[in-house]
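Geometric and topological summary
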Amino acid sequence: MSRRLCASLLALSLAGCAEAATRGAPDAGTSDAGLPDAGPSDSGPSPPPPPRADWTPAPLPPPYEPDGAPDPGPLALPEREWVWVPLPRTRCLDGSPSGVMIRRGDPDAGLILYLQEGGACFNEASCRSGVSRRSFGAERAADFLPRVERYSWLFARDGRFRDWTHVFVPYCSGDVFAGDVLEASDGYTHVGAVNMRVVLERLAATFDPPHVLLTGSSAGGFGAALSYERVHGAFPDARVTLLDDSGPPLPDPYMPVCLQRQWRDVWGLARTLPEGCDACRDPSGGGLVALLSHLAARYPDERFGLMTYREDYVIRLFYSMGYTPRCSVFTLNPPEVFTDGLARLERDVVAPHPNLSLYVAEGAEHMLLPGEGSAADRAFVEDLVFAE
């Protein structure tokens, strides 16, 4: 393998773990020490696993209702300077509060809402892997804030988005920003969807942008898609463009149904999936890829883009857990299984919708938005956002 990859990357791992995967983006501060070495497989492609029968959704634990009144707004922010804004009503995996980083731009320009990458926690192997942040509070923010501007080429002061307001949402809930379970069966707090609601309350009270670019990488890419309707509702007068970087939901069974069942049970997705997306609630426990078709059809005047490497090592590792007998051990599928899934995604989901597009870069790296970006990366994003 010619590219420099971390052989021990686990699902949705952090930007700093692999130099090639992030092209120099700063690490957000989670260690990958001690992760298992998955190692490439030489056994050839395996057929996708069939859906597993006899599934009954687990009873939902109580949701998270933040204490106290909503945070006051609007925020008083300096212009063109990154600042940390604590949000005491948010909760990370360990129950501690978090916040957001904001660089205020021109009020007549748009707003980038960027959801951070960094792990998924839904069973023993994933929660103990060491890639999910348990917290992201003021201390970690103080370390990361001086480097956030270098995190992604979207934030460059000489780039196409230089006049936009930039909002960086740290990720510490382990649920791809989609959970609403205060005390989950795995012992953690998974309330990423509620955290997003708290974030959006403050942003909507402070900004009235004409255009929102909702984006994120890896776990944040999945989270951006799952958060789209909440963001659209918070900014009803704005264009809201979705850009999912390296969080590609694949059709069943390439995104194994047994994994989707675990996410539904542990994160409480029954509470947080869009109400109108009946296909997202397939009785088999699969069907989450239907979210993309639902969004493209419900919002025909909006644009939705996905970016991925053709043989993304990390997402292959993540989905490969669903090929093991108990859907509980990290392994590594050969690239052909992932590329077949991407082809199905393009044919069955993307092609029928003119407002949905898929950008595939050659290689096995992970994440295209962190770091400096290539000319082709930038062209795809700028066309998605700015083309008439």
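These figures come from a predicted structure and were not determined experimentally. (Residues numbered from 1 in each chain as written. Predicted model: local features only at pLDDT ≥ 70, side-chain atom pairs only at ≥ 80, totals over all residues. Heavy atoms only, no water.)

**Details of the side chain of threonine 272**
Along the chain, the position of threonine 272 falls in helix H7 (residues 269-272). Ignoring any residue separated from it by four or fewer positions in sequence, one finds threonine 272 in contact with Ala178, Gly179, Asp180, Ala193 and Arg230. (Helix = DSSP H or I, 4+ residues; strand = E, 2+ residues; numbered from the N terminus. Contact = heavy atoms within 4.5 Å.)

**Topic: the pairing of strand S5 (residues 211-217)**
The buried fraction of S5 is high, at seven of seven residues. Every second residue of S5 is oriented toward a common face, with His211, Leu213, Thr215 and Ser217 on one face and Val212, Leu214 and Gly216 on the other, all of them buried. Across five bridges, the pairing between strand S3 (residues 111-115) and S5 is parallel. By the bridge assignment for S5, isoleucine 112 is matched with leucine 213. Bridging between S5 and strand S6 (residues 239-245) involves seven bridges; their strand directions are parallel. Across the sheet, the residue bridging to threonine 215 is leucine 243, located in S6. As for the winding sense of the linkage, the β-α-β connection from S5 through helix H5 (residues 219-234) to S6 is right-handed. (Buried < 20%, exposed > 50% of the residue type's maximum accessible area, 1.4 Å probe, protein only. Pairing = 2+ DSSP bridges. Right-handed = clockwise from strand over helix to strand, strands pointing away.)

**Notes on the confidence of the model for the protein**
Looking at the protein, the pLDDT average stands at 87 and 86% of residues meet or exceed 70. Confidence drops under pLDDT 50 across residues 1-44; counting only partners more than four residues distant or on other chains, this segment forms 123 contacts. (pLDDT = per-residue confidence, 0-100.)

**Notes on the nonpolar core**
The biggest cluster of nonpolar side chains holds 79 residues, and the ones touching the most others in it are Ile102, Leu113, Val169, Leu214, Val231, Trp263 and Tyr319. The greatest single-element share of this core, amounting to seven residues, is contributed by H5. Filtering out sequence-adjacent residues up to four positions away, leucine 113 remains in contact with Val167, Val169, Met196, Leu200, Leu203, Leu213, Leu214, Thr215 and Val231. With 31 residues, the next largest nonpolar core counts Trp82, Ala109, Leu369 and Leu384 among its residues. (Core = buried A, V, L, I, M, F, W, Y, C linked by side-chain atoms within 4.5 Å.)

**Some points on the sheet that holds strand S2 (residues 98-103)**
The strand order across the open sheet formed by eight strands is S1-S2-S4-S3-S5-S6-S7-S8, and the pairing between neighbours is mixed. Every interior strand has two partners, whereas the edge strands, strand S1 (82-87) and strand S8 (356-361), have only one. Averaged over all adjacent pairs, the angle separating strand axes in this sheet is 20°, with direction ignored. Set on the sheet, H5 makes contact with S3, S5, S6 and strand S7 (304-309); between it and S5 the angle comes to about 150°. Packing of helix H10 (residues 335-350) onto the sheet brings it into contact with S7 and S8, and relative to S8 it is tilted by some 160°. (Axes fitted to C-alpha atoms, helices over the stretch in contact; angles between N-to-C directions.)

**Quick look at helix H6 (residues 257-267)**
Among the eleven residues in H6, ten count as buried, and that is most of the element. The secondary structure elements touched by the buried residues of H6 are H7 and helix H9 (313-320). Positive phi appears at glycine 268, one or two residues downstream of H6, with a value of about 70°.

**Some remarks on unusual backbone geometry**
In this structure, the amide linkage connecting aspartate 252 to the following residue, proline 253, adopts the cis form with an omega of 0°. Among the structural elements, proline 253 can be located in the loop between S6 and H6. With a phi angle near 60°, phenylalanine 177 is a residue other than glycine that sits in the positive phi range. One can find phenylalanine 177 in the loop between strand S4 (165-169) and helix H4 (192-206). In this structure phenylalanine 177 comes out as buried when scored by relative accessible area, which is 3%.

**Structural notes on H10**
The terminal C-alpha atoms of H10, which comprises 16 residues, lie 21 Å apart, in line with the 22 Å expected from a rise of 1.5 Å per residue. Close packing links the buried residues of H10 with helix H8 (290-298), S7, H9 and S8. (Expected span 1.5 Å × (residues − 1).)

**Digging into the pairing of S7**
For S7, a buried count of six out of six residues is recorded, marking the element as mostly surrounded by other parts of the structure. Here S6 runs beside S7; their pairing, made up of four bridges, is parallel. In the sheet register, leucine 242 faces S7, and the bridge partner there is phenylalanine 304. Relative to S8, S7 is paired through six bridges, and the arrangement is parallel. Looking across to S8, one finds that leucine 306 is bridged to leucine 358.

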